Amino acid sequence: VQLMESGGGLVEPGESLRLSCTASGFAFSQYVMRWYRQAPGKERELVAYITGAGETTDYADSVKGRFTISRDNAKNTVYVQMNSLKPEDTAVYYCNVLWFRRNYWGQGTQVTVSS
């Protein structure tokens, strides 16, 4: 199982970013995919998840209405569109899959929101 995130960067408050996570090594369309983030000095927290066919999504309260998770099963890729970014969104963002009772993570992509 391999997960590779991309799309992070430095943006100003109020701007947008779209993160991507490309997966390989498992039947992507059959698994829930999750985005987590970890800010310096804080625990890793769940940001959003999406079920295999994309029929169900959910979000942390802190990002509801601003972030949208989606997936393209033909491309084995999950996305998170992040709008109206705030400084408190600054973190390393990771995608995750639970496969055969083991958590797999990508290397993470840094998102920094600062003026």
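Here the structure is a predicted model, which means the values were calculated and not measured.

## Some words on the sheet that holds strand 8 (residues 77-82)
Working step 1: The strand order across the open sheet built from four strands is 1-3-8-7, with neighbouring strands paired in antiparallel fashion. Each of the sheet's edge strands pairs with one partner strand only, and the pair in question is strand 1 (2-6) and strand 7 (67-72). Geometrically, the sheet is characterised by an average inter-axis angle of 15 degrees between neighbouring strands, direction not taken into account.
Working step 2: For strand 7 and strand 8, the ladder comprises six bridges, and the chain directions are antiparallel. Bridge assignment links Phe-67 to a residue of strand 8, and that residue is Met-82.

## Brief notes about the pairing of strand 8
Working step 1: In terms of burial, strand 8 is largely enclosed, as five of its six residues are buried.
Working step 2: Taken together, the six bridges between strand 3 (residues 17-24) and strand 8 define a ladder with antiparallel strand orientation. Counterpart to Leu-17 in the pairing with strand 8 is Met-82.
Working step 3: Counting the residues between successive antiparallel strands, the hairpin from strand 7 to strand 8 contains four residues, one of them, Asn-76, with a positive phi of roughly 55 degrees.

## Here's the deal with the state of the cysteines
Working step 1: Under the definition given, this model contains one disulfide.
Working step 2: The side chain of Cys-21 participates in a disulfide bridge whose partner is Cys-95; the two sulfur atoms lie 1.9 Å from each other. Looking along the S-S bond of the Cys-21-Cys-95 disulfide, the torsion reads about 50 degrees, which is the right-handed sense. Of this pair, Cys-21 sits in strand 3 while Cys-95 sits in strand 9 (residues 91-99); the two residues are 74 residues apart in sequence, bridging distant segments of the chain. The pair Cys-21 / Cys-95 is uniform in exposure class, with both members buried.

## Some points on the packing of aromatic side chains
Working step 1: Taken as a whole and assessed by the stated rule, the structure comprises six aromatic pairs.
Working step 2: Taking the centre distance of 5.6 Å and the plane angle of 85 degrees together, the rings of Phe-26 and Tyr-31 count as edge-to-face. Taken individually, Phe-26 and Tyr-31 each receive the classification buried, so the pair is uniform in this respect.
Working step 3: Taking the centre distance of 6.3 Å and the plane angle of 85 degrees together, the rings of Tyr-94 and Trp-105 count as edge-to-face. In this pair, Tyr-94 is assigned in strand 9 and Trp-105 in strand 10 (residues 102-105), connecting sequence segments 11 residues apart.
Working step 4: With relative accessibility at 13%, the residue Tyr-94 sits in the buried group.
Working step 5: According to the relative accessible area criterion, Trp-105 is partly exposed, its value standing at 33%.
Working step 6: In this structure, Arg-44 is placed above the aromatic ring of Trp-105, and the distance from its NZ or CZ to the ring centre is 4.5 Å.
Working step 7: Sitting over the ring of Phe-28, Arg-71 keeps its end group 4.3 Å from the ring centre.

Analysis parameters
Residues numbered from 1 in each chain as written. Predicted model: local features only at pLDDT ≥ 70, side-chain atom pairs only at ≥ 80, totals over all residues. Heavy atoms only, no water. Pairing = 2+ DSSP bridges. Helix = DSSP H or I, 4+ residues; strand = E, 2+ residues; numbered from the N terminus. Axes fitted to C-alpha atoms, helices over the stretch in contact; angles between N-to-C directions. Buried < 20%, exposed > 50% of the residue type's maximum accessible area, 1.4 Å probe, protein only. Disulfide = S-S within 2.5 Å. Phe/Tyr/Trp six-rings, centres within 6.5 Å; stacked < 30°, edge-to-face > 60°. Lys NZ or Arg CZ within 6 Å of the ring centre and 35° of its normal.

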